[in-house]
Every structure is written in C-alpha cells, then in structure tokens.
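Listed below, chain by chain, are the residues.
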Amino acid sequence: MSERTEGSSTKNWRTSVAGQVDGKTVVRGYPLDDLIGNVSFAEGIYLVLKGELPSEKERKMMEAMLVACIDHGIGPPSVVSARTVYSGGNPLNAAVAAGVLTLGDHHGGAIEQCAKIYQEQLGADVTDVTAHARQVVEDFSKKKKRFPGYGHKLYKRDPRTLRILDLAKEYGFSGRYVEFAVAIQDALEAQSQKPLPLNVDGMIAAVISEMGLSWKTGKGIFIIGRIPGLVAHIVEEWNREKPFRRLEEGSYEYDGPGVRPVPKKS
Ligand SMILES: CC(C)(COP(=O)(O)OP(=O)(O)OC[C@H]1O[C@@H](n2cnc3c(N)ncnc32)[C@H](O)[C@@H]1OP(=O)(O)O)[C@@H](O)C(=O)NCCC(=O)NCCS
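What you see is a predicted model; the values in this text were computed from it and never measured. (Residues numbered from 1 in each chain as written. Predicted model: local features only at pLDDT ≥ 70, side-chain atom pairs only at ≥ 80, totals over all residues. Heavy atoms only, no water.)

1. Quick notes on the site of the ligand
Lining the immediate environment of the ligand, one finds 15 residues, of which Arg146, Phe147, Gly149, Tyr150 and Lys153 sit closest. At 2.6 Å, a side-chain N or O of Lys153 approaches an oxygen atom of the ligand. For the ligand, whose unbound accessible area comes to 870 Å², protein coverage reaches 64%. The residue inventory of the shell around the ligand, partitioned by class, reads 5 nonpolar, 5 polar and 5 charged. (Near = heavy atom within 4 Å. Polar contact = N/O pair within 3.5 Å; in protein donor to acceptor, adjacent residues only side chain to side chain. Areas by Shrake-Rupley, 256 points an atom, 1.4 Å probe, with all protein chains shown as cover. Nonpolar A, V, L, I, M, F, W, Y, C, P; charged D, E, K, R; others polar.)

Given below as structure tokens:
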C-alpha cells in the first residue's frame, strides 16, 4: 500500500478518481490492468462513483438499474434529438451529445432531483416515514411544482419500477428510502386522485440513496445507462435512413399571421 494521503496535495488540479502511482495507472487505488478482466463494467462504474468496489449484491443492483435505463423506444426527446442531429449530417459524437443534452427535469434528470429530496428530507430523526411523506407532498404541492420521479406518459404503474423494487427487496436495498418513495406515491395519488406512479427515475433515486450514493450522481447514472441506447439508435439511423429527416407534411401547421406587407422604410 502506498504512503499517499488523500487530499494532501496543494496542486490546483487534484483527483482521487484515477491517476499514476509508482508507474502504475490506478482507479481509486486499484491497478487498471488488474481491474480489466476482473470486474464488470457496472462494478467499474460503481467503483469510480462511490470510491469502493461493490459487494455482490451492490453489483447486481447496479447492473439492474443501468439495464433499466438502457433504452425506451424511439419516442423520448433524447432519441429524437440524437437521430435528428445525425440526420442533419453531424458525426456520432455530436448526435450522442445532442441526445444527452435533452436529459433534463422531465426526462432522465428526475433521478438527481428526486434523490436530493429523499436524502435531504429523510433524516435519521424521522420516525414515521408515511406521515412524513404526506407532509412532504403537502409542502411540495403548495409550491405548485411536479414531484420529480413520479408520473408517466404511458404507465399507471411503471413495470421497470416494479422489477427494480422486487430486486431491491431480494438484494437487501429496500429500506427507509424505498418505503419513503412508495409512501410519497401513495400520498400524491391520494391528493390528486389520479395515477402518479413512482417511475423508474424515482425508483432508482430511492435505491441509490439506499446504497449510499450521493444524489449528485443521479443524472449521471441515467446518462451512463442511456448512452448505449443512443449509440444504437444513431447507428441504426446511419444504416437505415436517408439524410435530412424532417417532420412529415401534414403532421404540422403554421398558425401565425396571414400574409402581410413588410412596412416600407422611409
Ligand atoms: C413524466 C411526465 C412528464 C408525464 O406527464 P403526463 O402523464 O403527460 O402528465 P400531464 O403533463 O398530462 O399531467 C397530468 C396531470 O398530472 C399532474 N402531474 C403529472 N406529473 C406530476 C408529478 N410528478 N407531480 C405532481 N403532479 C403531476 C400534472 O400537473 C397534471 O395535472 P392537471 O391535470 O391538474 O394539470 C410527468 O409526470 C412529470 O413531469 N413527472 C415528473 C418528472 C419525472 O419524473 N420524469 C421522469 C419520467 S420517467
């Protein structure tokens, strides 16, 4: 073991993620050439994000969450954008970046916001999780804001959530945060009288909180999980479609002012 002390450097650019030690490239202290072939991609992702290698149960949970993010069809904004930017004649990296740039409050970005709420709201002092969930929903609705991690365009119950919930129970990650997440769903639905299911973003937010991952990693986890799907869509667009895709005639309309004369300049 090296004698290095983490954070002791006075240099401007510092990192504890990866670097060179005694001529070896290490990732969080583990030699990269030893990690190659010995850890899965999900284990490597967990290692860089959390700083430690996962246990077997943490690995399985991480794998499951990343697979849940991998793709959800051609419809979501990220895929439409990625394919459209490629279709305009740009390289794959620009198209992937365009897809990633759509990931915001309503698509993918909800994991970060939702995990922030869970981690900030569910302190050790909270004894009645259900009552606290009701209170949080009440406070949130006063702000007239949508609760991140809840609601879905297609589902009354998100099948990805249900699967992750089962796995969280199996692997031992169904603790207070998951209880809180489900109690918020129940409180939101009781209040609004419409289906507002805990969606895959909210479920992942609860599980990463159980795993001790910071809410700041939330959107990143979705991005890491979704990029393979974006790449596959772009390659498909490349192989299958003619360039310059545009909205079909008849699928859109102009509803601005009719033809009018441009004022003459004196
Ligand atoms: C995902 C989402 C865009 C789907 O929306 P949708 O099913 O098309 O729902 P609509 O935009 O038609 O809204 C329907 C009603 O439900 C309400 N609603 C929808 N999601 C809500 C939420 N998360 N919290 C509170 N109310 C919500 C809307 O305010 C609207 O209420 P109104 O009828 O009184 O105006 C929406 O639920 C949302 O913004 N969720 C939060 C962000 C999120 O979790 N995104 C990840 C999706 S996987």
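That was the structure; now back to the text.
2. Section: the domain arrangement of the protein chain
Domain annotation for the protein chain reports domain 1 (20–54) and domain 2 (110–215). Put simply, the middle of domain 1 and the middle of domain 2, counted by C-alpha atoms, are 31 Å apart. (Domains from an automatic or database assignment.)

3. Structural notes on the packing of helix H4 (residues 77–87) against helix H5 (residues 92–101)
One way to put it is that H4 packs onto H5 with a least axis distance of 7 Å and a crossing angle of 155°. One finds that H4 runs roughly antiparallel with respect to H5. As for how H4 packs across H5, the hand of that crossing is right-handed. Contacts between H4 and H5 involve Ser78, Ser81, Ala82, Val85 and Tyr86 on the former and, on the latter, Ala94, Ala95, Ala98 and Gly99. Looking at side-chain class alone, the contact of H4 with H5 contains 6 nonpolar, 3 polar and no charged residues. (Axes fitted to C-alpha atoms, helices over the stretch in contact; angles between N-to-C directions. Helix = DSSP H or I, 4+ residues; strand = E, 2+ residues; numbered from the N terminus. Parallel < 35°, antiparallel > 145°, perpendicular 65-115°, else oblique. Left-handed = near helix turned anticlockwise from the far one by under 90°. Contact = heavy atoms within 4.5 Å.)

4. A word on unusual backbone geometry
Both trends apply: most residues other than glycine have a negative phi, and most peptide bonds are in trans. If you check the backbone angles, Asp22 has positive phi at about 50° while not being a glycine. The phi angle at Arg28 is positive, at roughly 50°, despite the residue not being glycine.

5. Section: the sheet that holds strand E2 (residues 24–27)
Read across the sheet, 3 strands follow the order E1-E2-E3 without closing on themselves; strand pairing throughout is antiparallel. Edge positions in the sheet fall to strand E1 (18–21) and strand E3 (30–31), since each of these pairs with one other strand and no more. Pairing geometry for E1 and E2, over 4 bridges, is antiparallel. Residue pairing in the sheet places Ala18 in a bridge with Val27 of E2. (Pairing = 2+ DSSP bridges.)

6. Notes on the packing of aromatic side chains
Counted according to the given criterion, the structure contains 4 aromatic pairs. Their ring planes at 35° and their centres at 4.5 Å tell us that Phe140 and Phe147 sit as a pair that is tilted. On the basis of relative accessibility, which here comes to 5%, the residue Phe147 falls in the buried class. Here Phe147 and Tyr150 contribute two aromatic rings whose centre-to-centre distance is 5.3 Å and whose plane-to-plane angle is 90°, an arrangement assigned as edge-to-face. In this structure an aromatic cluster arises from ring pairing among Phe140, Phe147 and Tyr150. (Phe/Tyr/Trp six-rings, centres within 6.5 Å; stacked < 30°, edge-to-face > 60°. Buried < 20%, exposed > 50% of the residue type's maximum accessible area, 1.4 Å probe, protein only.)

7. Observations concerning the nonpolar core
One broad rule of soluble globular proteins: the nonpolar side chains tend to lie buried together. Met61, Tyr118, Phe147, Tyr150, Ile184 and Val207 are the most contacted members of the largest nonpolar core, which totals 52 residues. Here this core spans two domains, and each of domain 1 (20–54) and domain 2 (110–215) adds at least three residues to it. Apart from the residues lying within four places of it in its own chain, the contact partners of Met61 are Ile164, Leu167, Ala168, Tyr171, Phe173, Val207 and Met211. If you look at the next biggest cluster of nonpolar residues, it comprises 7 residues, including Val79, Ala82, Leu230 and Ile234. (Core = buried A, V, L, I, M, F, W, Y, C linked by side-chain atoms within 4.5 Å.)

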